[in-house]
Amino acid sequence: MPFHNPFPSQLLAFEAAPATSFSFLVSYQQIATEEEELIGMAVVNIVKPPIGQSPNLQGRAPRRGSVVVRSSLQGAVVGNRTEWLTSCAVLSSKVAALAPHSTNGHLALAAAAASNGAVLDLDPVKTINGSARNLPAPLRIADLSPAPMHGSELRVAYQGMPGAYSEKASVKAYPGSDAIPCDQFEVAFQAVENWIADRAVLPVENSLGGSIHRNYDLLLRHRLHIVGEVQLPVHHCLLALPGVRKEDVTRVISHPQALAQCEHTLTRMAGLNAAREAFDDTAGAAEYVAANGLRDTAAIASSRAAELYGMEVLADGIQDDSGNVTRFVMLAREPIVPRMDLPFKTSIVFAHDKEGTSVLFKVLSAFAFRDISLTKIDSRPHRPIRLAADDAGSGTAPKQFEYMFYVDFQASLADPRVQNALAEVQEFTSFLRVLGSYPMDMTPMAAGVASSDSSSAYSSS
Ligand SMILES: O=C(O)C(=O)C[C@]1(C(=O)O)C=C[C@@H](O)C=C1
């Protein structure tokens, strides 16, 4: 798999074939010398046993570096698709958490599997004194099969664990697809870039918390295209282990956006006096409380997370505003063909290297004079952002400027008004990139299906 390792350790990516097996790439480190040194990477393959059979009955002889075990997760492994995905995510996060602290990565991976019940094949990739990591892997017959073209086979990467709102958004965007959990936003981007997933669905803004800046930075750093949007009503619950009362809780953990969206309600909640602590994602917070048997900690997450991780709902609907909505974008390797017969939105980012506000005024005028409505404008302070390679080499890359401006407007790139406006904008700016032109999510907030990339067979409309 053509990976470079941007992270110091841990889980790098998932490759999901949930019907039969589940693979992910994990790196682990030697910390015995107190210096964190990468000692290996492994492709870990969890094999799903046939229903009703235990793993060691399927004729897979345990090989060197493999373990065949039966224990607590076995029931989930042979259960339905959701349980299978959940157990893959839980098991892989445990392996990723365990491996870096070991002086023997193989043993650590094996031990993690043994404690969770699965057949685990370790296929180590040499990294010490060897350069296997940098050599291209030989093509296999499976690599030549065409990319999946039907909704049921579409692989959609999202950040978080099963039960996260991003998972729900992925399912809303691409009904019938396989949702692939990723531990970080960057992993979801890489999963699409490396053909492990076909799409990524990532949150970009929330009606209470505002923009999710990390993803705007990543949009600029990577070369994926926005091919759709989906808006999801977010209904938060306060979850705790069965029998725990609000009075027992001293700590509430969740994704920072979720904590922000519930801040006032938590402060006013009778019987609750708890510190807040940030966690990677809402469902991950619930799983952490459950897995560690924490009776003094509650998590803010969805009711689905409560079901998945065996938690009880202490309080329901705790977001500060009942109209709490998060907007997600769908990302793909290729842009879609913009259309004029559907309500379309276009997202751009630009920068300028001139002093003052006149450039911004001129850019906005280019849209205003053509009656093009803006739906969002946001700015990010300039930091030394690593741009996608072809932006950096184009000669239009930003040099000295103070802000990157992100603008969404309600029109298609196929519209001549938009093409004229962008031609004008390019004259005032030192950097301009169209992030995508895509169908607007017109579904009523209560339920329904999003507008998705209309050029593909995955279209949900
Ligand atoms: O943690 C999750 O469940 C997520 O999907 C992430 C996220 C976010 O990043 O904003 C998504 C929707 C909610 O607004 C809260 C959290």
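Residue numbers restart at each chain and count upward from 1, following the sequence in its written direction. Only residues with pLDDT of at least 70 get local features here, since the model is predicted, and only at 80 or more are side-chain atom pairs given and counted; chain-wide, interface and lining totals rely on the full set of residues. To obtain the side-chain values, all non-hydrogen atoms of the structure were included, while hydrogens and water were left out.

**A word on the overall build of the chain**
Basically, it comes down to this: To qualify as a helix, a DSSP run of H or I must reach at least 4 residues; to qualify as a strand, a run of E must reach at least 2; elements of each kind are numbered from the N terminus. Working definition: with a 1.4 Å probe on protein chains only, accessible area under 20% of the residue-type maximum means buried, over 50% means exposed, and in between means partly exposed. In what follows, residue pairs with any heavy atoms lying within 4.5 Å of each other are defined as contacts. Residue exposure ignores everything except the shown protein chains as possible cover, and the areas themselves are Shrake-Rupley values with a 1.4 Å probe.
Within the chain one finds 13 helices and 20 strands. Scored against the burial criterion, the 461 residues of the chain give a buried share of 53%. Long-range contacts, defined here as pairs at least 24 residues apart, represent 75% of the contacts in the chain between residues at least 6 apart. Counting only carbon and sulfur atoms, one obtains 54% of the accessible surface of the chain, whose full area is about 20,500 Å².

**Some points on the sheet that holds strand S15 (residues 312-316)**
Cut-off, in case you're wondering: Paired strands, as defined in this entry, are two strands with at least two bridges between them according to DSSP. With axes taken as lines fitted to C-alpha atoms, and helix axes fitted only over the stretch in contact, angles between N-to-C directions fall between 0 and 180 degrees.
Pairing within the open sheet is mixed, and its five strands lie in the order S13-S12-S14-S11-S15. Pairing within the sheet leaves two strands with one partner each, and these edge strands are strand S13 (275-278) and S15. For this sheet, the mean inter-axis angle between neighbouring strands, taken without regard to orientation, is 30°. Contacts from helix H9 (residues 282-291) reach strand S11 (237-240), strand S12 (251-254) and strand S14 (297-301) within the one sheet, and its direction differs from that of S14 by about 155°.

**Considering the sheet that holds strand S17 (residues 344-351)**
Spatial ordering of the open sheet is given by S18-S19-S17-S20, a layout of four strands whose pairing is antiparallel. With partners counted over all chains shown, the strands left at the sheet margins are strand S18 (374-381) and strand S20 (431-439), one partner each. Ignoring strand direction, the axes of neighbouring strands in this sheet form an average angle of 15°. As paired strands, S17 and strand S19 (residues 403-409) are joined by six bridges and run antiparallel to one another. Opposite Ile348, over in S19, you have Val407 as the bridge partner. Lying over the sheet, helix H11 (residues 358-368) contacts S17, S18 and S19, oriented at roughly 160° with respect to S18. Helix H13 (residues 416-428) rests against S17, S19 and S20 of the sheet, and its axis sits at about 160° to S20.

**Quick look at the site of the ligand**
What counts, and what does not: The nearness test applies per residue and asks whether one of its heavy atoms lies within 4 Å of the molecule or strand. Pairing of N or O atoms within 3.5 Å defines a polar contact, subject to two protein rules: one partner must be a possible hydrogen donor and the other a possible acceptor, and residues neighboring in sequence count only if both atoms are side-chain atoms. All amino acids are sorted into three groups, where Ala, Val, Leu, Ile, Met, Phe, Trp, Tyr, Cys and Pro are nonpolar, Asp, Glu, Lys and Arg are charged, and the leftover types, Gly among them, are polar. Start and end positions for the domains come from either an automated domain assignment or a database one.
The full set of residues close to the ligand is Ala164, Tyr165, Ser166, Pro203, Asn206, Ile212, His255, Gln257, Gln261, Asp281, Thr282 and Thr326. The contact in question runs from an oxygen atom of the ligand to an N or O atom on the side chain of His255, over 3.3 Å. Contacts to the ligand include Thr326, whose side-chain N or O atom sits 2.8 Å from an oxygen atom. Contact with the protein chains removes 100% of the 360 Å² of surface that the ligand exposes when unbound. Broken down by secondary-structure element, the contributors of at least two residues to the shell around the ligand are helix H4 (165-173), strand S8 (199-206) and helix H7 (256-261). Grouping the constituent residues of the shell around the ligand by class yields four nonpolar, seven polar and one charged. When we break the shell around the ligand down by domain, the ones giving at least three residues each are domain 2 (173-233 + 326-439) and domain 3 (237-316).

**A short note on the pattern of salt bridges**
Our working rule: By salt bridge we mean one thing: a side-chain nitrogen of Lys or Arg within 4 Å of a carboxyl oxygen of Asp or Glu.
Inspection of every chain in the model, using the stated rule, returns 19 salt bridges. Residue Glu205 is joined to Arg327 by a salt bridge in which the shortest nitrogen-to-oxygen separation is 2.7 Å. Of this pair, Glu205 sits in strand S8 while Arg327 is found in strand S16 (residues 325-332), placing the two residues 122 residues apart along the sequence. For Arg327, a relative accessible area of 5% corresponds to the buried category. Among the salt bridges present, the one from Lys376 reaches Asp378, with a minimum N-O distance of 3.6 Å. One network of salt bridges, in which partners are shared, links Glu205, Glu229, Arg327, Lys345, Lys376, Asp378 and Asp408.

**What about the packing of aromatic side chains?**
Test applied: Pairs were defined over the aromatic rings of Phe, Tyr and Trp, the Trp ring being its six-membered one, requiring ring centres within 6.5 Å. Orientation was assigned from the angle between planes: stacked under 30 degrees, edge-to-face over 60, tilted for the rest. A positively charged side chain is recorded as over a ring if its NZ (Lys) or CZ (Arg) lies within 6 Å of the ring centre. The angle to the ring normal must also be within 35 degrees.
One pass over the full model with this rule turns up five aromatic pairs. Here Tyr216 and Tyr406 contribute two aromatic rings whose centre-to-centre distance is 4.7 Å and whose plane-to-plane angle is 65°, an arrangement assigned as edge-to-face. With Tyr216 in helix H6 (residues 213-221) and Tyr406 in strand S19, this pair connects stretches of sequence that are 190 residues apart. Exposure class is identical for Tyr216 and Tyr406. Each is buried. Ring geometry for Tyr403 versus Phe405: centroids 6.3 Å apart, planes at 50°, classification tilted. Using a relative accessible area of 37% as the deciding quantity, one classes Tyr403 as partly exposed. On the basis of relative accessibility, which here comes to 11%, the residue Phe405 falls in the buried class. Through a chain of ring-to-ring contacts, the aromatic side chains of Phe350, Tyr403 and Phe405 assemble into a single cluster. Positioned over the ring face of Trp195 is Arg333, at 3.5 Å from the centre of the ring.

That is the geometry; function is a separate question.
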